[in-house]
Amino acid sequence: MLIKVFKSLFENSADTNPRTTEHTLALVAAALLYEVARADFEQDAEEEATLTKALQEAFGLDSKTLDDIKQQASAQVDEATSLYEFTRIINDHADANDKYTIVQLMWQVALADGEISRYEEHLIRRVAELIYVSHSDFIRAKHSTLKG
């Protein structure tokens, strides 16, 4: 179902409108951030606030669009059967900088509650591998978040 949603967004424009791509990447990033927030089986207020702030800053979303994306992403995570549904879209439409940013945002959400669980770290590592973020960039994103 998720892939159908994303395909429909891209089919609306033969030349793949940059605005559509940005919206879709924001939606996929939000879904992955929800995956991280839920990875340790406890989604708390700090993680939710960090997720909201991260999406706002990374994608420059107005509050209505941000709320819509968060609602859609949360629902899609509930229905998703694998990370492939999300990472395929990233690989098809994101550049290396976008991919690094998504990994960095994932680290921010993981650290929001003051600790990074092994489940969160494992999830971020898997996503980084699936979207072809090098191990050195994976570590760099983690360290920049820890210092931040």
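Residues numbered from 1 in each chain as written. Predicted model: local features only at pLDDT ≥ 70, side-chain atom pairs only at ≥ 80, totals over all residues. Heavy atoms only, no water.

1. Observations concerning the overall build of the chain
Argument step 1. Along the chain, the regular secondary structure elements total eight helices and zero strands.
Argument step 2. Beginning at the N terminus, the succession of helices and strands in the chain can be written as α-α-α-α-α-α-α-α.
Argument step 3. Among the 148 residues that make up the chain, the fraction classed as buried is 43%.
Argument step 4. Considering only residue pairs separated by 6 or more positions, the chain has 73% of its internal contacts joining residues 24 or more positions apart. (Helix = DSSP H or I, 4+ residues; strand = E, 2+ residues; numbered from the N terminus. Buried < 20%, exposed > 50% of the residue type's maximum accessible area, 1.4 Å probe, protein only. Contact = heavy atoms within 4.5 Å.)

2. Remarks on the packing of aromatic side chains
Argument step 1. Within the structure shown, the criterion is met by two aromatic pairs.
Argument step 2. Summarising the aromatic geometry, the rings of F41 and Y119 are spaced 5.5 Å apart at their centres and angled 70° between planes, so their arrangement reads as edge-to-face. Pair noted here: F41 is in the loop between α2 (18-39) and α3 (45-59) and Y119 is in helix α7 (residues 118-130), with a separation of 78 residues, a long-range link.
Argument step 3. An angle of 55° between the planes, with centres 5.3 Å apart, marks the rings of W107 and F138 as tilted. Of the two residues, W107 sits in helix α6 (residues 96-111) while F138 sits in helix α8 (residues 135-147), which places them 31 residues apart along the sequence. (Phe/Tyr/Trp six-rings, centres within 6.5 Å; stacked < 30°, edge-to-face > 60°.)

3. A closer look at the environment of A96
Argument step 1. Its location among the elements puts A96 in helix α6.
Argument step 2. Overall, A96 belongs to the exposed group, its relative accessible area being 62%.
Argument step 3. Sequence separation between A96 and Y132 is 36 residues; the distance between their C-alpha atoms is 8.5 Å.

4. Quick notes on unusual backbone geometry
Glycine aside, the phi torsion of most residues is negative, and most peptide linkages are trans.
Argument step 1. For Y132, which is not a glycine, the phi torsion comes out positive at approximately 60°.
Argument step 2. Checked against the element boundaries, Y132 lands in the loop between α7 and α8.

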